[in-house]
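Report on the structure
Single-letter residue listing:
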Amino acid sequence: MVKDFLKDLDKAFENKIRLGIMSALMVNDQLDFNTLKDLLGVTDGNLASHLKSLEKSEYVSFSKSFLVRKPNTTYAATAKGKMAFRKHIGAIEKLLQ
Amino acid sequence: MEKEKYIIDLDEIRKMMSRSSRFISLSGLSGVSTGFIALAGALLARQLVFRHHDYLVYEAVPIDADNLSNLLLVALGTLLLSVFSALWFTGRKSRKENRCAWDNQAKRLLTNLLIPLLAGGILCLILLLRGYVGFLPGLTLIFYGLALLNGSHFTLSHIRLLGIADIVLGLFAFLFIEQSLFLWMLGFGVLQSIYGLLIQWK
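The structure reproduced in this document is the subject of the present report. (Residues numbered from 1 in each chain as written. Chains lettered and ligands numbered in written order. Predicted model: local features only at pLDDT ≥ 70, side-chain atom pairs only at ≥ 80, totals over all residues. Heavy atoms only, no water.)

The next point concerns the pattern of salt bridges. Tallied over the full model, the rule gives seven salt bridges over all chains. Between Glu58 of chain A and Lys80 of chain A there is a salt bridge, with the nearest N and O atoms lying 3.6 Å from each other. Remark: Lys80 of chain A occurs in helix α4 (residues 79-96) and Glu58 of chain A occurs in the loop between α3 (44-56) and β2 (60-67); sequence separation between them is 22 residues. By relative accessible area, which is 46% here, Lys80 of chain A ends up partly exposed. Measuring nitrogen to oxygen at the nearest pair gives 3.1 Å for the salt bridge that ties Asp9 of chain B to Lys5 of chain B. Here Lys5 of chain B and Asp9 of chain B lie together in helix α1 (residues 2-20), a separation of four residues that amounts to about one turn. What makes Asp9 of chain B buried here is its relative accessible area of 1%. Overall, Lys5 of chain B belongs to the partly exposed group, its relative accessible area being 26%. Because the salt bridges share partners, they merge into one network encompassing Glu14 and Lys16 of chain A together with Lys5 and Asp9 of chain B. (Salt bridge = Lys/Arg side-chain N within 4 Å of Asp/Glu carboxyl O. Helix = DSSP H or I, 4+ residues; strand = E, 2+ residues; numbered from the N terminus. Buried < 20%, exposed > 50% of the residue type's maximum accessible area, 1.4 Å probe, protein only.)

When the parts come together, some accessible area is lost, and that loss is often what is quoted as the size of the interface. Taken together, the contact pairs 21 residues of chain B with 28 residues of chain A. Around 2,300 Å² of area is buried between chain B and chain A when both sides are counted, 61% of it from carbon and sulfur atoms. Our enumeration of links across chain B and chain A arrives at two salt bridges. Among the elements that take part in the side of chain B that touches chain A, α1 of chain B stands out by supplying 13 residues, more than any other. (Contact = heavy atoms within 4.5 Å. Buried area = accessible area lost by both parts, 1.4 Å probe.)

With that settled, consider the nonpolar core. Buried together is how nonpolar side chains tend to be arranged in soluble globular proteins. Counting 34 residues, the largest nonpolar core has Phe13, Ile21, Met22, Leu47, Leu51 and Phe85 of chain A as the members making the most contacts within it. The element contributing the most residues to this core is helix α1 (residues 16-27) of chain A, with seven residues. When sequence neighbours within four positions are dropped, the list of residues in contact with Leu47 of chain A reads Ile21, Phe33, Leu36, Lys37, Leu40 and Val42 of chain A. Judged by nonpolar contacts, the second largest core, of 23 residues, contains Leu26, Leu141, Ala147 and Tyr195 of chain B. (Core = buried A, V, L, I, M, F, W, Y, C linked by side-chain atoms within 4.5 Å.)

The next subject is the sheet that holds β2 of chain A. Residue and element names in this part refer to chain A. Here we have three strands laid out as an open sheet, ordered β1-β3-β2, and antiparallel in their pairing. In this open sheet, the two strands that pair with only one neighbour each are β1 (31-32) and β2. For β1 and strand β3 (residues 70-77), the ladder comprises two bridges, and the chain directions are antiparallel. Bridging from a neighbouring strand, Leu31 pairs with Tyr75 of β3. Packing of α3 onto the sheet brings it into contact with β2 and β3, and relative to β2 it is tilted by some 125°. (Pairing = 2+ DSSP bridges. Axes fitted to C-alpha atoms, helices over the stretch in contact; angles between N-to-C directions.)

This brings us to the environment of Leu128 of chain B. Residue and element names in this part refer to chain B. Mapped onto the elements, Leu128 comes out in helix α4 (residues 104-129). With a relative accessible area of 7%, Leu128 lands in the buried category. With 60 residues separating them along the chain, Leu128 and Leu68 place their C-alpha atoms 8.2 Å apart. Sequence-distant contacts of Leu128, that is, excluding residues within four places in its chain, are made with Leu68, Leu71, Leu72, Val133 and Leu136.

Below, the structure written as structure tokens:
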């Protein structure tokens, strides 16, 4: 029997790093690349590729700015991303009941 | 087996949410520098005022205009120097880590520190103008400790311990009011510097 809520489990969040990125972006309006890197303890390339994949699913948006003449990219969770994340957590909680 | 993976996931989510919403660029050197500034300020206040007068008592004392302005000037100078050095060292650390110092975490931390600090500061100013000088070392310690305790939810959580230590010292400063300036130096000077060194080395 396939349980209904299992469809809410999101493949995008099966990966630890993407899960970490989304968790951090759920409680922060926006975070820059380096902060995310420090929080997750991953390499630039690794983080960039996971951010790319979250951007592709339209779960994360980014904006570029300049901070003391250095380019600075900040990331934020989109409404769609937040919704998917909540559903994912809801499904996990039901699964664990 | 599937379940275990999701239990770990939920745990990771919780940890990440807590860690990412705290201000982590707090500089240890700002603790050390403010500690030394506090010691210098307290020694100056002792030389200028407290050495010549028994102000540290359980009642209002008649404080003349000279001593009052000396105390206010030393307090204001110590406060401004501490704030500037704390901001400077923390800003420097954020720049080194290529992080924006003035982010949401910083704002949250600052608001939560400032509310108890402002309340305490205004209360102390009222008491000082009414001559209750002896209550000031204890009260400043207690309110600063409460501010740290309040702020500890938004930055390195172990500043909680420094907050509790300052509150205890503040209560002792009321119990042994003649020694309250010494206890103030112990809290704002010595403990603050030691704590700064500890987070700097971590």
